[in-house]
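Commentary on secondary and tertiary structure
Residues per chain are reported as follows:
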Amino acid sequence: MTMFSVMILGQLIAALMIDAVGGFGLQPRNLDPACLLAVGLVGAGVVLSNQ
């Protein structure tokens, strides 16, 4: 179960980075606190599930 959570966390982080820099020719987007909080909560879930 932790492996899937880590894979999702990696995809979320990659998506945030692509949004922030405007990868693939897209418009750069500002990172809002809600998105950062969501990624942080997924990361906390990964840490807690690994214990």
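I will try to describe carefully the structure that is included in this document. (Residues numbered from 1 in each chain as written. Predicted model: local features only at pLDDT ≥ 70, side-chain atom pairs only at ≥ 80, totals over all residues. Heavy atoms only, no water.)

Examining the overall build of the protein chain
- Each helix and strand in the protein chain was counted, giving two helices and zero strands.
- Dimensions along the principal axes, computed over C-alpha positions, put the protein chain at roughly 40 × 20 × 10 Å.
- Split into buried and exposed, the 51 residues of the protein chain put 14% on the buried side.
- With the model as given, the accessible surface of the protein chain reaches about 4,000 Å², and the carbon-plus-sulfur share is 71%. (Helix = DSSP H or I, 4+ residues; strand = E, 2+ residues; numbered from the N terminus. Buried < 20%, exposed > 50% of the residue type's maximum accessible area, 1.4 Å probe, protein only. Areas by Shrake-Rupley, 256 points an atom, 1.4 Å probe, with all protein chains shown as cover.)

Some remarks on a nonpolar patch on the surface
- On the surface, M1, M3, F4 and M7 cluster together into a nonpolar patch covering about 510 Å² of accessible area.
- Structurally, M1 is set in the segment before α1 (2-21). (Patch = residues over 30% accessible without salt bridge, like charges linked within 9 Å, V, L, I, M, F, W, Y side chains within 5 Å. Salt bridge = Lys/Arg side-chain N within 4 Å of Asp/Glu carboxyl O.)

Considerations on helix α2 (residues 33-49)
- The terminal C-alpha atoms of α2 lie 24 Å apart, and with 17 residues this matches the ideal 24 Å at 1.5 Å per residue to within 8%.
- Residues of α2 that are buried: V39, G43 and V46. The buried residues of α2 occupy an angular sector of 55 degrees when projected down its axis, which confines them to one face. Opposite the buried face of α2, by more than 90 degrees, sit the exposed residues P33, A34, L37, L41 and L48.
- Looking at the buried side of α2, the elements it contacts are α1. (Expected span 1.5 Å × (residues − 1). Arc of directions from axis to C-beta. Contact = heavy atoms within 4.5 Å.)

Notes on the environment of V21
- One can find V21 in helix α1.
- Note on V21: relative accessible area 63%, which makes it exposed.
- As a C-alpha pair, V21 and G45 span 24 residues in sequence and 27 Å in three-dimensional space.

Side note on the packing of α1 against α2
- At their nearest, the axes of α1 and α2 sit 10 Å apart, and the two run at 155 degrees to each other. Judged on the interaxial angle alone, α2 and α1 are roughly antiparallel. Crossing handedness for the pair α1 and α2: left-handed. Two secondary-structure elements touch here, α1 through T2, S5, V6, L9, L12, I13 and L16 and α2 through C35, L36, V39, V42, G43, V46 and S49. (Axes fitted to C-alpha atoms, helices over the stretch in contact; angles between N-to-C directions. Parallel < 35°, antiparallel > 145°, perpendicular 65-115°, else oblique. Left-handed = near helix turned anticlockwise from the far one by under 90°.)

Everything listed is a geometric property; what it means functionally is a separate question.
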